[in-house]
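# Coordinates in review
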Protein chains: 2
Amino acid sequence: MTTSAAPPAELFERYRDDVDAALRAVFDGLDSPLATMARYQLGWVDADGNPVQANRGKALRPTLCLLTCEALGGDVEAALPAAAGVELLHNFSLVHDDVMDNDRLRRHRPTVWAVWGQAKAIDAGDFMHVLATLSVLRAGTPDDASAARDAVEVLTVGCRRMTEGQYLDMAYEDEDAVTVDDYLRMIDLKTAALIGTSMELGAVFAGNDPAVRAAVRDAGRALGAAFQIRDDFLGIWGDPDATGKSVESDIQKRKKTLPIVHAMTEGAPADRDRLQAALANLDVPPDTAEIVALLERSGSRAYAESLAEEYHAQTRALLSDVPLSAWGGEALGALAAFTARRTV
Amino acid sequence: MTTSAAPPAELFERYRDDVDAALRAVFDGLDSPLATMARYQLGWVDADGNPVQANRGKALRPTLCLLTCEALGGDVEAALPAAAGVELLHNFSLVHDDVMDNDRLRRHRPTVWAVWGQAKAIDAGDFMHVLATLSVLRAGTPDDASAARDAVEVLTVGCRRMTEGQYLDMAYEDEDAVTVDDYLRMIDLKTAALIGTSMELGAVFAGNDPAVRAAVRDAGRALGAAFQIRDDFLGIWGDPDATGKSVESDIQKRKKTLPIVHAMTEGAPADRDRLQAALANLDVPPDTAEIVALLERSGSRAYAESLAEEYHAQTRALLSDVPLSAWGGEALGALAAFTARRTV
């Protein structure tokens, strides 16, 4: 499969300045401490509110939103506040997830709650949830309220799924017998739904056709599943300097990532017992090297890579039915390939 | 001032069944554990999800929303999902506030986090925040998207103010020199803004005139200030059986309620020192009887009562400029009087 579109790095740059401006516009006139906490989460300021050289992430969700919109011949400018909104919603979820998961570090910096305490971090997350909705409300054109209303609904339904996925993720912590199907159901809600939302939002501002919206949403969910599966893979076999994640953290935190769930059900009986015991014994830190070796001989590394490829192929198949421009189809395909195969 | 409108108890009953139906409609098709937690918060089920005889609150916010709408000659049926949305938003804030404030009891029942733990309670609050927005999106009529869009904006701006007020409330815990002005700024954001929002939402579905919206919002903010001041009063001088609040709790928790803030700035120097010491010494529980006596001789009880009356008068003055029906104006006035003088 050839992709003559720009490479992913260029696609991530394509809308970056416009998204940044739309994000900053949401903060116009807001100078409360909660706004400082939100700016910190976005990487714009340090804990004292002083501007820092932003360590800008990829902004995958806004990029997918705007690329989908452009590929469908839509109004990218009208969609910009929606793209900023989905990035804000994603960041709200990170602030709350870090409290719920008790995570002290994110992208090499203390998490919001680690700086301000859990109570204020909960409040700051609620504030960012609000800003996400307010940004999406600015999308569209003044004479047509229906696109903005529909966009808020798309965002909010995606957020509902995300909260349901976060619940499953927490519930699985206490369950021994999590299957690959359970895992896939969880990531479809927790991660993939909002990526489907991002692409559906692009379609809202490109004709707002229900069938097209559903098709790109489903493609986005497949892309999102590949994204999370690859994320799980990189949490074990990635380069910590590139990913910003400690190579040990997912295993040390006994997270039920795809490779672990796979080995728990598909590994040799002795390995399954050993893995079960390592995850159940909270008194002894898991032996990372031993578990990585166990995952590899259980075929879990290869399985994770092939499953990400499967979702990549599914993304492309779903997109092939959508009336995308030639350039747009190739660009989205390139992003889908990147998502499933990335090292960062 | 005479009020020939129905007494408050009848006004609280007027829309109750319709609001209840609109609230329950939001849960159609939702059967996740988060939905059970939300139903528990609303008083519909016990912690196992079994239906209970609902201990229905007053539903002040939906009542104000629909009464404002009806008083302005608006479409009460179109406004119902918005009224349900503001009640859901209020309950989302209670779930998160209980986590932030570490409160284990509400209305004689364990709080959501006390049953399910803090992490899941944060998630359940986020879920209810989502349901609030989704409910408001259903308001209005299918052929006019602008009312639903405007209503979501009104709700979301109100929610932003609420999060800012919650931040101030938490920040004041660590500050010695909180003034009455600080306190009033805090409650205007934390409590009164959403009550203003409730009334503004009613106006959105009654012509959606910007000047009328602003006027009823301001009246609602004054009514909301009276509500919170009376709440603080009842937390010290109310009947615990009637209010569901322990008479000792606000004082034991060293909350900076209006009577405390007033005495801290207006009491005799020796009393101010004594109060300061009682609130600062975390090793010894405050002596409730001593503090109540101190508040009374500082004039703080009378001050709280007179300030609630002042906001009651302000609510009526602001409403007098609004084109309300005769019945509607009297009914809203009756609710304003109830709010400032209630014992429950």
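What you see is a predicted model, and the numbers here were worked out from it, not measured in a lab. Within any chain, residue numbers begin from 1 and follow the written order of that chain's sequence. Labels follow written order: the first chain is A, the first ligand is 1, and so on. pLDDT decides what is reported in this predicted model: residues at 70 or higher carry local features, side-chain atom pairs at 80 or more are listed and counted, and totals for whole chains, interfaces and linings draw on all residues regardless.

## Overview of the overall build of chain A
Here a helix means four or more residues in a row that DSSP labels H or I, a strand means two or more in a row labelled E, and each is numbered from the N terminus. Counting its regular elements, chain A contains 17 helices and two strands. What the globule rule says is 2.2 Å times the number of residues to the power 0.38, and the radius of gyration is computed from C-alpha atoms. Taking 20 Å as the expected radius of gyration for a compact globule of 344 residues, we find that chain A reaches 20 Å, a close match to that expectation. By its C-alpha atoms, chain A is 65 × 50 × 30 Å across when sized along the principal axes. Exposed residues have 12 or fewer other C-beta atoms within 10 Å of their own C-beta, buried residues have 20 or more, and residues in between are partly exposed; the C-beta atoms are placed from the backbone. A burial count over chain A gives 55% of its 344 residues as buried. Residue pairs qualify as contacts under a 7 Å threshold applied to their C-beta atoms, which are placed from the backbone. Partitioning the intrachain contacts of chain A with sequence separation of at least 6 by distance along the chain shows that 73% fall at a separation of at least 24.

## Here's the deal with the packing of helix 4 (residues 60–71) of chain A against helix 5 (residues 76–101) of chain A
Residue and element names in this part refer to chain A. Where helix 4 meets helix 5, the axes come as close as 8 Å, and the angle between the chain directions of the two elements is 155°. On the basis of the axis angle, helix 4 is roughly antiparallel to helix 5. For the pair helix 4 and helix 5, the sense of crossing is right-handed. Taken together, the residues of helix 5 that come into contact with helix 4 (itself represented by Arg61, Pro62, Cys65, Leu66, Cys69 and Glu70) are Val76, Ala79, Ala82, Ala83, Ala84, Val86, Glu87 and His90. Polar here means any residue outside two lists: the nonpolar Ala, Val, Leu, Ile, Met, Phe, Trp, Tyr, Cys and Pro, and the charged Asp, Glu, Lys and Arg; Gly therefore counts as polar. Along the lines of polarity and charge, the residues of the contact of helix 4 with helix 5 split into ten nonpolar, one polar and three charged. Working convention: axes come from line fits to C-alpha atoms, limited for helices to the stretch in contact. Angles between N-to-C directions cover 0 to 180 degrees. Orientation labels follow simple angle bins: below 35 degrees gives roughly parallel, above 145 gives roughly antiparallel, 65 to 115 gives roughly perpendicular, and whatever is left gives oblique. Two helices crossing with the near one rotated counterclockwise from the far one by less than a right angle form a left-handed crossing, whereas a clockwise rotation gives a right-handed crossing.

## Describing the interface of chain A and chain B
Every contact between the two is made by 31 residues of chain A and, on the other side, 31 residues of chain B. Within the residue set of the side of chain A that touches chain B, elements represented by two or more residues are helix 3 (33–41), helix 5, helix 7 (118–137) and helix 8 (145–173) of chain A. At 14 residues, the largest contribution of residues to the side of chain A that touches chain B is made by helix 8 of chain A. Grouping the constituent residues of the side of chain A that touches chain B by class yields 16 nonpolar, eight polar and seven charged.

## Things to note about the relation of the copies chain A and chain B
When the copies are superposed, the least-squares fit takes in the C-alpha atoms of residues with a pLDDT of at least 70 in both. For the pair chain A and chain B, the best superposition has an RMSD of 0.0 Å and corresponds to a rotation of 180° with a translation of 0.0 Å parallel to the axis. The two molecules are tied by a two-fold rotation axis, judged by turn and shift.

## Examining helix 3 (residues 33–41) of chain B
Residues spaced three or four apart along an α-helix face the same direction, because each turn holds 3.6 residues. Among the nine residues in helix 3 of chain B, eight count as buried, and that is most of the element. Among all positions in helix 3 of chain B, only Leu34, Ala35, Thr36, Met37, Ala38, Arg39, Tyr40 and Gln41 of chain B are buried. Of the surrounding secondary structure, the elements contacted by the buried residues of helix 3 of chain B are helix 8 of chain A together with helix 5 (76–101), helix 6 (112–116) and helix 7 (118–137) of chain B. Looking at the residues trailing helix 3 of chain B, positive phi occurs at glycine 43 of chain B, about 85°.

## A look at the nonpolar core
The nonpolar core criterion groups buried Ala, Val, Leu, Ile, Met, Phe, Trp, Tyr and Cys residues into a set whenever they are joined through C-beta atoms within 7 Å. Judged by nonpolar contacts, the single largest core of 230 residues is most densely connected at Ala79 and Ala151 of chain A together with Ala79 and Ala151 of chain B. Beyond its immediate stretch of four places on either side in the chain, alanine 79 of chain A contacts Cys65, Leu66, Cys69, Gly74, Ala139, Leu201, Gly202 and Phe205 of chain A.

## Notes on the environment of aspartate 75 of chain B
Residues and elements named next belong to chain B. You can see aspartate 75 is positioned in the loop between helix 4 (60–71) and helix 5. Given 16 C-beta atoms within a 10 Å radius, aspartate 75 is considered partly exposed. Along the primary structure aspartate 75 and alanine 206 are separated by 131 residues, whereas in three dimensions their C-alpha atoms are 6.1 Å apart.

## A short note on the environment of glutamine 53 of chain B
Residues and elements named next belong to chain B. In this structure, glutamine 53 sits in the loop between helix 3 and helix 4. Residue glutamine 53 is classed as exposed on the basis of its 7 C-beta neighbours within 10 Å. Through-space distance from the C-alpha of glutamine 53 to that of threonine 197 is 30 Å; in sequence the pair is 144 residues apart.

## Considering the packing of helix 8 (residues 145–173) of chain B against helix 9 (residues 180–204) of chain B
Residues and elements named next belong to chain B. Running from amino to carboxyl end, helix 8 crosses helix 9 at an angle of 165°, the nearest separation of the two axes being 8 Å. Comparing the axis directions of helix 8 and helix 9 gives the class roughly antiparallel. Seen from above, helix 8 lies across helix 9 with left-handed handedness.

Bear in mind that shape data such as this cannot, by itself, settle questions of function.
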